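# Overview (structure and organization)
Spelled out, the chains give:
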Amino acid sequence: MTTSASISELFAIRNQYGEGKVLEKLQLLRSINIKNIKSNKAAQTLYTTLLFLQAYPDNKTIHKQAEDTLQLLTAHITANENLTYKLYNTGITGTTLCAAFGFEMVKWLRKTHAASVRFNSFQHDEAYIQPFVSVIMNKAESEIFQDGNASWKEWLKRVNPDEDILDQLIAIFDSSDIRPEVKDEIWNAIGINIEIDFITHCRLPVSLTINFYHRALIREQINNEPFHIPVTVSLTPAAAEQIIDCSRMILMRHLREIDPISFTAANLISYYHLPRGISIALMGMVPERRHPIDSYMGYMVFKNGLPVAYAGSWILFNSGRIGLNVFPGYRGGETRFIFEQVLQLHAGVYHLKRFTADPYQIGKDNSDGIRSGAFWVYYHAGFRPLEKKQQQVAATEAANISMNKKYRSAPAVLKELANSRLEMVLQKTAVRFDATDLSRTYAGILTKKYQGNRLLSEQGAVKKLAAILKIKNCQDQNMHFVLKSWCIFLLCNEKEILQNNQLKKTLKILFNQKATGSEEAYIATLQKSHDLRRMLEELVKMYAIDLKH
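Residues numbered from 1 in each chain as written. Predicted model: local features only at pLDDT ≥ 70, side-chain atom pairs only at ≥ 80, totals over all residues. Heavy atoms only, no water.

### Concerning the packing of aromatic side chains
- Evaluated as defined, the whole model comprises 19 aromatic pairs.
- Ring centres of W486 and F511 lie 5.7 Å apart, and the angle between their planes is 45°; on these two criteria the pair is classed as tilted. Linking W486 in helix α22 (residues 477-490) with F511 in helix α24 (residues 501-516), this pair joins segments that are 25 residues apart in sequence. The pair formed by W486 and F511 is uniform in burial state, with each residue classed as buried. (Phe/Tyr/Trp six-rings, centres within 6.5 Å; stacked < 30°, edge-to-face > 60°. Helix = DSSP H or I, 4+ residues; strand = E, 2+ residues; numbered from the N terminus. Buried < 20%, exposed > 50% of the residue type's maximum accessible area, 1.4 Å probe, protein only.)

### Focus: the sheet that holds strand β1 (residues 96-100)
- On the basis of which strands lie adjacent, the open sheet formed by three strands has the order β1-β3-β2 and antiparallel pairing. For this open sheet the edge positions go to β1 and β2 (117-122), each flanked by a neighbour on one side alone. Taking each pair of neighbouring strands and ignoring which way they run, the sheet shows an average axis angle of 30°.
- Sheet analysis places β2 next to strand β3 (residues 192-197), joined by five bridges and oriented antiparallel. (Pairing = 2+ DSSP bridges. Axes fitted to C-alpha atoms, helices over the stretch in contact; angles between N-to-C directions.)

### Quick word on the pattern of salt bridges
- Under the counting rule described, the total for this entry stands at 28 salt bridges.
- Where K139 meets E143, a salt bridge forms, and the shortest distance between an N and an O atom there is 3.3 Å.
- Exposure remark for K139: the relative accessible area of 54% places this residue in the exposed category.
- The partly exposed category is assigned to E143, whose relative accessible area is 38%.
- Taken together, the salt bridges that share partners define one network made up of R421, D434, D437 and R440. (Salt bridge = Lys/Arg side-chain N within 4 Å of Asp/Glu carboxyl O.)

### Topic: the state of the cysteines
- In the structure shown here, the tally under the stated rule is zero disulfides.
- Of all cysteine sulfurs, the one in C492 lies closest to C487, which takes part in no disulfide; the gap is 9.9 Å.
- Residue classification places C487 among the buried residues on the basis of a relative accessible area of 2%. (Disulfide = S-S within 2.5 Å.)

### Points about the pairing of strand β11 (residues 354-357)
- Across the two faces of β11 the burial is the same, with R354 and T356 and F355 and A357 all buried.
- Bridging between strand β9 (residues 319-322) and β11 involves three bridges; their strand directions are parallel. By the bridge assignment for β11, S319 is matched with R354.
- Note: β11 against strand β13 (residues 422-425), four bridges, orientation antiparallel. Across the sheet, the residue bridging to F355 is M424, located in β13.

### Re the packing of α22 against helix α26 (residues 530-543)
- Taken N-terminus to C-terminus, the directions of α22 and α26 make an angle of 70°; their axes are 11 Å apart at the nearest point. Considered as vectors, α22 and α26 are oriented roughly perpendicular to each other. Of the residues in α26, those in contact with W486, F489 and L490 of α22 are L532, M535, L536 and L539.
- Among the residues forming the contact of α22 with α26, the class breakdown is seven nonpolar, no polar and no charged. (Parallel < 35°, antiparallel > 145°, perpendicular 65-115°, else oblique. Contact = heavy atoms within 4.5 Å. Nonpolar A, V, L, I, M, F, W, Y, C, P; charged D, E, K, R; others polar.)

### As for the nonpolar core
- Core analysis: the biggest nonpolar cluster contains 137 residues, and F339 and F383 have the highest contact counts within it.
- If sequence neighbours within four positions are ignored, F383 has contacts with I322, F339, L343, F355, T356, A357, Y378, L422, E423 and M424.
- Formed by 39 residues, the second largest nonpolar core is a distinct cluster that contains Y450, A461, L507 and A515. (Core = buried A, V, L, I, M, F, W, Y, C linked by side-chain atoms within 4.5 Å.)

See below:
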């Protein structure tokens, strides 16, 4: 059997188990001659297969053999210039990737992986970039750019000829007092491509890992399976930083970023061991990056210490919008079981009674969601479409699947199913709205009360709300941001708030927690505020505009 054929066969049986399969996997692993691998396809297939075998190993021998073979493959790729070139931008260890990432991620990379990160190119010419640099730079210095006195690039070289242009731009952006999200957009508009050398594998240290060996994979939901209480792991700052590093680097290898992982910090990480070698890190964002109303939390799922899935949750009262993204190399494993663990952990830690999923998560404008059949992961977990048309389509497809196990929903059907949000209600007392609904409510208030005049709706609103709640630091950047987002809702019920001292006290606590305190404390306080919940429910019912019109 050729090396390519052995690799293909190993990939085909990677998720099959039993005594015979253990021997077959070992024989294939030992028969593969790494030096014969010359094609990028063979290298990529073997790479992902070896990672899968470490995440879902049959036993210690398979795990060790896969790990040893991966080290040989990495050494072979690093030593083979032609193969390294073919694998450019794949994210495989031993290769290089070139892409544009957000400001905070590039800044972090230059601080923590300086030798592996460098400037590559700009996506636009200097004339296009100059206005953006002028906006972010100190006005006194940027005046030199007027009337053709100097270009921004030559000026930076003149000011500090020995400093790398990437580091100069990072320093300029870092010193700017522009709001972080605006700074991000300016950085993205410039389009700065960087190169990253991936020299080590993405995995957690042994101290954070409990390996599990598989006799089989859990494919279906297990009835009467007892709930396994997550084991909370006490993290040192160094261990938390290792989780952050692993989470950020695996996303970059897949050309992805999400805010809660990009904008977290060591003291905002909580980490849990769950069954079957699964561990999950939950991550909050630093105050200046938080959403003002709901709480956008991130998570990364590890299997035997390898990062296998990630996403975020948007928590409001006791309801959470949530997603799941399994990295391609780990599909074909225990996706459904992993998602159940994610949901149970979120429900337990954040005391949630309802989950929803946005259309994007299941394939709306997301080809990967259609290709992976994401809808059925959510459906089998208990989610159902909110729209009647999609409810009927889902019921028909589910019936077809139950009658024919080989039946697969067509891409066109999956696209139709992705035209509705999904919902799973754990308890009837759950809040039935989220920040998406509040966005529709905001638009309705703006239209019906202010005739669409945003300036009129915002005029003096922050100061008025701050005065009612006796918030003295309303000009603090974080606090002002929070108040500005809440005021249009709360001032609709100004009279009630003025008369309800307990509600005023609660709102003041909430806003301080959001602006400078703990997101977990904010979530808990919000869940206890029944008057605020009732007020928002009434506003949603009265003002939320219909997206279909």
